[in-house]
Amino acid sequence: MKRFDAIKAIVQKAEDKDSLLICNIGYPSRELHDLKDRSANFYMLGSMGLSSSIGLGVALSVPERHVIAIDGDGSVLMNMGSLATIAHQHPKNYLLVVIDNGAYGSTGDQLTATALGTDLAIVAKGAGIDEVHNTFSEEEFREKLKNVDRGVIVVHVDAGNSKVPVIHLTPEKIIERFMSECARPSMSS
Amino acid sequence: MDASVAVFNGIKMTGVDFVVSVPCINLKEIFPMIDDDPTMIHIPVTREEEGVGICAGAYMGGRIPAMLMQNSGLGNSINALASLNTLFHIPLLLIMSHRGCEGETICAQYPMGQMTPSLLDTLDIPYVIPTIDTVEDAIHYAWRIAIEKKRPVAVLLEIGFWEAE
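Re the interface of chain B and chain A
Then step 1. If you look at the interface, chain B gives 24 residues, while chain A gives 26 residues.
Then step 2. Contributing elements (two or more residues each) for the side of chain B that touches chain A: β2 (41-44), α3 (48-60) and α5 (78-88) of chain B.
Then step 3. Broken down by element, the side of chain B that touches chain A gets its largest block of residues, eight residues, from α3 of chain B.
Then step 4. Grouping the constituent residues of the side of chain B that touches chain A by class yields 13 nonpolar, eight polar and three charged.

See below:
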């Protein structure tokens, strides 16, 4: 399984739950945009490390909507404190999915600490998050996604990017449509 | 009036309903006031950069966010303030205890304290330096500018601010 396959599964869940979806910088956002561009997708074009924080802020502010943040191993390693903050806030409408490919995928696949022994699922547990799932196959990941709406899912994938174009939406457009999505009621039953 | 009460009143009057914080000794009286106010969510964070991200999410979700912080945390936030707030035109109210200015007793506070105004200038973040008498209006004004210009605005609370009671 590659990151692209994991994002494909996340998009399905986001569609089912009418979720607001915050996506990590670089290839993850490009892959999401290529798979399914939605107004409810926030493509974080800069600020590496902050996807999980933006997602938390949205989740706490719009408690009636389901919120998913897609993050990566390199990014979570850069902002590990976010896991502690998520733990003490524990919003029930917030799911953080960490796609762990053991590499800085947008900058040439340099190894991250997770390729050298760091286990982000244990880190998330240790930070105090009560619901943490560690998944190693596409089947297992899809099964967890189906049943889990909050907490953290770590999904282990092989490194490698898909051949997808850059996002041509302007930052102004991305935030304008995302904020309109935040302001409407959930269509999910 | 008490300096902490004046700052809290300014935040309250402005309609701030979402506060993230990293503590400073000069802000310590304000945190319990925020915790006791049912109209405000208070989220203590581990690092200011994280707070910038959470506040950006809160703003997109329709809240009026503020970050209570020490100026040392400005250095921890610069990439986010530029590549998130400036890029996407996201307003943010930074209520900043300014250490390392006149009256400082801890030498480690000086380097960042002296650089703080010029860093804000470089980041194109407007700032106000109020007294106790002007702080309520200054906070209100700062948020109005933040919304108008769609960018972060800082309220710098110098050491003298807290000593003028």
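That covers the picture; the talk isn't over yet.
A short note on helix α1 (residues 3-14) of chain B
Residues lying three or four places apart along an α-helix face the same way, a consequence of the helix completing one turn every 3.6 residues.
Residue and element names in this part refer to chain B.
Then step 1. Taking 1.5 Å as the rise per residue, α1 with 12 residues should run 16 Å; its terminal C-alpha atoms sit 17 Å apart, in good agreement.
Then step 2. Buried residues belonging to α1 abut α2 (30-36), β3 (65-70), β4 (92-98), α7 (135-149) and β6 (152-158).
Then step 3. Directly after α1, the chain includes Gly-15, whose backbone phi takes a positive value near 90°.

Section: the sheet that holds strand β3 (residues 67-72) of chain A
Residue and element names in this part refer to chain A.
Then step 1. What the six strands build is an open sheet, ordered β2-β1-β3-β4-β8-β7; its pairing is parallel. With one partner strand each, in any of the chains shown, β2 (41-43) and β7 (132-135) form the two edges of the open sheet. Between one strand axis and the next, the sheet turns through 15° on average, direction left out of account.
Then step 2. Where β7 meets strand β8 (residues 151-156), four bridges bridge the pair, whose relative direction is parallel. In the sheet register, Thr-135 faces β8, and the bridge partner there is Val-155.

A word on the nonpolar core
Then step 1. Formed by 105 residues in total, the largest nonpolar core has its most connected members in Val-97 of chain A together with Leu-93, Leu-94 and Val-155 of chain B.
Then step 2. The element that contributes the greatest number of residues to this core is α3 of chain B, accounting for seven residues.
Then step 3. Apart from residues no more than four positions distant in its own chain, Leu-93 of chain B is found in contact with Val-16, Pro-65, Ala-66, Ala-142, Trp-143, Ala-146 and Val-153 of chain B.

Overview of the packing of α1 of chain B against α7 of chain B
Residues and elements named next belong to chain B.
Then step 1. α7 packs onto α1 with a crossing angle of 35° between their chain directions and a minimal axis gap of 8 Å. Two packed elements cross with a definite hand, and for α1 against α7 that hand is right-handed. Contacts from Ala-6, Val-7, Asn-9, Gly-10, Ile-11, Met-13 and Thr-14 of α1 reach α7 at Val-135, Glu-136, Ala-138, Ile-139, His-140 and Trp-143.
Then step 2. Here the contact of α1 with α7 is built from residues that sort into eight nonpolar, four polar and one charged.

A few points about the packing of helix α3 (residues 51-61) of chain A against helix α5 (residues 81-89) of chain A
All names here are of chain A.
Then step 1. Contact geometry for α3 and α5: axes closest at 10 Å, N-to-C directions at 20°. Judged by the inter-axis angle, α3 sits roughly parallel to α5. Seen from above, α3 lies across α5 with left-handed handedness. In this structure, α3 contributes Ser-52, Ser-53, Leu-56 and Leu-60 to the contact, and α5 contributes Ser-82, Thr-85, Ile-86 and Gln-89.

The rules behind these values
- Residues numbered from 1 in each chain as written.
- Chains lettered and ligands numbered in written order.
- Predicted model: local features only at pLDDT ≥ 70, side-chain atom pairs only at ≥ 80, totals over all residues.
- Contact = placed C-beta atoms within 7 Å.
- Helix = DSSP H or I, 4+ residues; strand = E, 2+ residues; numbered from the N terminus.
- Nonpolar A, V, L, I, M, F, W, Y, C, P; charged D, E, K, R; others polar.
- Expected span 1.5 Å × (residues − 1).
- Pairing = 2+ DSSP bridges.
- Axes fitted to C-alpha atoms, helices over the stretch in contact; angles between N-to-C directions.
- Core = buried A, V, L, I, M, F, W, Y, C linked by C-beta atoms within 7 Å.
- Buried ≥ 20, exposed ≤ 12 C-beta atoms within 10 Å, placed from the backbone.
- Left-handed = near helix turned anticlockwise from the far one by under 90°.
- Parallel < 35°, antiparallel > 145°, perpendicular 65-115°, else oblique.

These figures capture arrangement, not role.
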